[in-house]
Amino acid sequence: MLRKMSAKKGLEFLRAVSSYMTKTNGYDRCLQQLKIVSGGDGKCTAEFKVAEEQLNRAGGLHGGFTATIVDVVTTYALMTKENCLPGVSVDIHVTYLKGAREGDEVVIDANTIRAGKNLAFLECELRHKRDNSIIARGQHTKYIGTGGGKAKE
C-alpha cells in the first residue's frame, strides 16, 4: 500500500496511511480518533478530542498515549519527505508540560528537522486548541537506513 502511494506525499497520502494503520485489531486502533488536517514537505498536523479511553486513573491524558501520538505523527511527517520510508524508532523523548482532560481538543504539529542517510530527527508539539497552550513536546529519532531512506525499486 505504501509503495503504491509513494508519489503522493501530502494530505491525501497521510489520510490514507492513517486510515490503513488504524483499521486493525492491534495497538494502532487506539489512534482511530486522530484526524489528519494537513501535511507535506516533512510536516504533519493532526487533531483529536480527548476521550475516556485515553485517560489515566487521575482523569488526565495518559502519558503513554501522548508518547504514541508523538511516535505516530512524527513518523507521518517523515513519510511526506521525498524518498523517506517510516523507519524504526531509535529514541523518543516526551516532555509533559500541562494536562488535558476528557473533551479537550488537542492539536499536534510535527516537523522533520533533518532526514539524512541513516537517521531522521523529528519534533512534535501537542497543544490545547482553545488557547494554544503546550501540553507536551516530543523529540523522535528514527533509523531510516542507508541511501537516505530511499524506497528500493
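Conventions and cut-offs
Residues numbered from 1 in each chain as written. Predicted model: local features only at pLDDT ≥ 70, side-chain atom pairs only at ≥ 80, totals over all residues. Heavy atoms only, no water. UniProt positions renumbered as here; feature names shortened; annotations may be inferred. Helix = DSSP H or I, 4+ residues; strand = E, 2+ residues; numbered from the N terminus. Buried < 20%, exposed > 50% of the residue type's maximum accessible area, 1.4 Å probe, protein only. Contact = heavy atoms within 4.5 Å. Areas by Shrake-Rupley, 256 points an atom, 1.4 Å probe, with all protein chains shown as cover. Pairing = 2+ DSSP bridges. Axes fitted to C-alpha atoms, helices over the stretch in contact; angles between N-to-C directions. Core = buried A, V, L, I, M, F, W, Y, C linked by side-chain atoms within 4.5 Å.

The name given to the protein chain in an unreviewed UniProt entry is Thioesterase domain-containing protein, with the source organism recorded as Aedes aegypti. Under the heading Sequence similarities (unreviewed entry), UniProt records this for the protein chain: "Belongs to the thioesterase PaaI family."

What about the overall build of the protein chain?
When its secondary structure is counted, the protein chain shows two helices and six strands. Listing the helices and strands of the protein chain from first to last along the sequence gives α-β-β-α-β-β-β-β. For the protein chain, with 153 residues in total, the buried portion stands at 41%. In the protein chain, of all internal contacts separated by at least 6 residues, the share reaching a separation of at least 24 is 66%. For the protein chain, the exposed area adds up to about 8600 Å²; of that, 49% sits on carbon and sulfur atoms.

Structural notes on the environment of Gly-40
With respect to the element layout, Gly-40 can be found in strand S1 (residues 35-40). In this view, Gly-40 contacts Lys-9, Gly-10, Leu-14 and Thr-80; residues no more than four positions away in its chain are not counted.

What about the sheet that holds S1?
Taken in spatial order, the six strands of this open sheet run S1-S2-S4-S5-S6-S3, and their pairing is antiparallel. The open sheet has two free edges, formed respectively by S1 and strand S3 (88-96), since each of these has just one partner strand. Across the sheet, the axes of successive neighbouring strands diverge by a mean angle of 15°, strand direction being ignored. Alignment of strand S2 (residues 43-49) against strand S4 (residues 105-115), held across seven bridges, turns out to be antiparallel. Along S4, the bridge assignment pairs Ala-46 with Ile-108. Those strands touched by helix H2 (residues 63-79) are S1, S2, S3, S4, strand S5 (119-128) and strand S6 (134-143), and its axis lies near 130° from that of S3.

A closer look at the environment of Val-72
Relative to the helices and strands, Val-72 resides in helix H2. Each C-alpha atom, one on Val-72 and one on Leu-31, is 9.0 Å from the other, the two residues being 41 residues apart in sequence.

Description of the nonpolar core
Among the nonpolar cores identified, the biggest contains 28 residues, and Leu-34, Phe-48, Ile-69, Val-73, Ile-108 and Leu-126 are the most heavily contacted of them. If you list the elements that add at least two residues to this core, you get helix H1 (11-22), S2, H2, S4, S5 and S6. Top element by residues in this core is H2. It accounts for eight residues. Apart from residues lying up to four places away in sequence, Leu-126 is in contact with Thr-66, Ile-69, Val-70, Val-106, Val-107, Ile-108, Ser-133, Ile-134, Ile-135 and Ala-136.

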